[in-house]
Structures are given as structure tokens and as C-alpha cells.
Amino acid sequence: MEQEYQVKKIGEGIWAIEEGAVRMFLIEGEKAALLLDTGFGQGNLKELISGLTQKPLRLVLSHSDRDHIGGCAQFEGEVFLHPAEYERFLQNMPQNRLCLRPLWEGDTINLG
């Protein structure tokens with residue numbers, strides 16, 4: 001079976017995760033981790049992430065194209081996204097268990 005994801009550690013607590021031509025990033029802080037984008041979601045991204053970090057996960061989406069939000073269906077809780085992308089996110093991901101939270105330019109997300 002072909003591996004869905006390619007993982008490369010690019011720094012202490014920072015991984016690039018590739019799914020074909022799509023790249024995501026996992027950043028681990030002292031108390032939490034942040035996943036930037038979720039790719040197409042063809043593989044078990046949630047399991048992959050839990051193998052890299054046991055810390056609580058925060059999801060952040062750069063935008064709501066399908067190649068960046070497809071893996072969202074594997075997660076629950078909050079997802080941070082610019083409000084201008086909410087409608088498109090909900091059109092592309094109508095069945096989800098995520099609560100949209102606004103992410104504005106200049107906002108910070110504390111990972112500890």
C-alpha cells in the first residue's frame with residue numbers, strides 16, 4: 001500500500017507533512033500543537049498526528065480550498081479560519097464536527 005503522507009522533521013517540534021503536492025505543517029509548543037491545513041484527507045491524518053504529538057491539537061486553515069480542508073472531517077473541536085472563508089468552508093465541508101473560530105491578521109495562538 002502506498003503511503004498517503006510523507007513526514008519530514010524540519011526543526012525542533014516542527015514537521016512538514018506532504019500529501020501528494022499538498023503541504024501541511026505541525027508545530028508543537030510546550031503545552032499544545034498546531035496543525036496548519038489538513039490536506040485532502042485521503043489517509044488517516046488524525047492517527048499520523050497523534051503519532052507525532054500527544055499534546056492538545058489546534059487546527060488552523062490558511063484558506064478553504066478542498067486540498068487544505070479535506071482532512072477536517074477527521075477532527076472535532078475548533079478550527080481557526082478567516083471569516084471571509086467561512087461560507088466556502090461550509091460549502092466544501094458541510095458535514096463536519098468543527099466549530100469555526102475567527103482568525104484575523106495579527107492574531108496569535110498560544111502553544112505554551
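Draft legend 1. Broad picture of the pattern of salt bridges. Considering all chains together, one arrives at four salt bridges under this definition. Note that R97 is salt-bridged to E76, the shortest N-O span being 3.0 Å. Of this pair, R97 sits in strand β7 (residues 97-102) while E76 is found in strand β6 (residues 76-81), placing the two residues 21 residues apart along the sequence. The partner of E78 in a salt bridge is R101, with the nearest N and O atoms 2.9 Å apart. Of this pair, E78 sits in strand β6 while R101 sits in strand β7, and the two are 23 residues apart along the sequence.

Draft legend 2. Expanded view of the layout of surface pockets. The computed volume of the largest pocket comes to approximately 230 Å³. In this structure, the largest pocket is lined by 13 residues; those nearest its centre are K46, K55, L57, F75 and E76. Where the lining of the largest pocket is concerned, the elements lending two or more residues are α1 (45-52), β5 (57-60) and β6. Its residues placed into classes, the lining of the largest pocket shows four nonpolar, four polar and five charged.

Draft legend 3. A look at the nonpolar core. Judged by nonpolar contacts, the single largest core of 21 residues is most densely connected at L35 and F89. Every element with two or more residues in this core is listed here: β2 (14-19), β3 (22-28), β4 (33-36), α1, β6, α3 (86-92) and β7. Not counting the four nearest positions on each side in its chain, F89 is found in contact with L61, S64, I69, C72, L81, N96, L98 and L100. Core analysis: the second largest hydrophobic core is formed by six residues, A32, L34, V60 and L103 among them.

Draft legend 4. Broad picture of the pairing of β6. Where β5 meets β6, two bridges bridge the pair, whose relative direction is parallel. Each residue of the ladder has a partner; that of L59, found in β6, is V79. Pairing between β6 and β7: six bridges, direction parallel. The residue bridging E76 from the neighbouring strand is R97, located in β7.

Draft legend 5. Representation of a nonpolar patch on the surface within the structure. On the surface, I10, I14 and I27 cluster together into a nonpolar patch covering about 220 Å² of accessible area. Residue placement: I14 occurs in strand β2.

Draft legend 6. Structural view of the side chain of T38. Structurally, T38 is set in the loop between β4 and α1. Residue class for T38 comes out buried when judged on its relative accessible area of 1%. At 3.4 Å, the side chain of T38 and the backbone oxygen of I69 are in polar contact. Excluding residues that lie within four positions of it along the chain, T38 makes contacts with E19, M24, L45, L59, L61, H68, I69, G70, G71, C72 and F75.

Draft legend 7. Examining the sheet that holds β4 more closely. The seven strands are arranged β1-β2-β3-β4-β5-β6-β7 in an open sheet whose pairing can be described as mixed. Across the chains shown, the open sheet's two edge strands, defined by having one partner strand only, are β1 (6-11) and β7. Going from strand to strand, the sheet's axes swing by 25° on average, the running direction of each strand aside.

Here is what the cut-offs are and how they apply
Residues numbered from 1 in each chain as written. Predicted model: local features only at pLDDT ≥ 70, side-chain atom pairs only at ≥ 80, totals over all residues. Heavy atoms only, no water. Salt bridge = Lys/Arg side-chain N within 4 Å of Asp/Glu carboxyl O. Helix = DSSP H or I, 4+ residues; strand = E, 2+ residues; numbered from the N terminus. 1 Å grid on protein atoms, 1.4 Å probe; cavity = no way out; pocket = protein on both sides within 12 Å on 5 of 7 lines; lining within 4 Å. Points joined across faces, edges and corners; volume = space filled by probe spheres on them. Nonpolar A, V, L, I, M, F, W, Y, C, P; charged D, E, K, R; others polar. Core = buried A, V, L, I, M, F, W, Y, C linked by side-chain atoms within 4.5 Å. Buried < 20%, exposed > 50% of the residue type's maximum accessible area, 1.4 Å probe, protein only. Contact = heavy atoms within 4.5 Å. Pairing = 2+ DSSP bridges. Patch = residues over 30% accessible without salt bridge, like charges linked within 9 Å, V, L, I, M, F, W, Y side chains within 5 Å. Areas by Shrake-Rupley, 256 points an atom, 1.4 Å probe, with all protein chains shown as cover. Polar contact = N/O pair within 3.5 Å; in protein donor to acceptor, adjacent residues only side chain to side chain. Axes fitted to C-alpha atoms, helices over the stretch in contact; angles between N-to-C directions.

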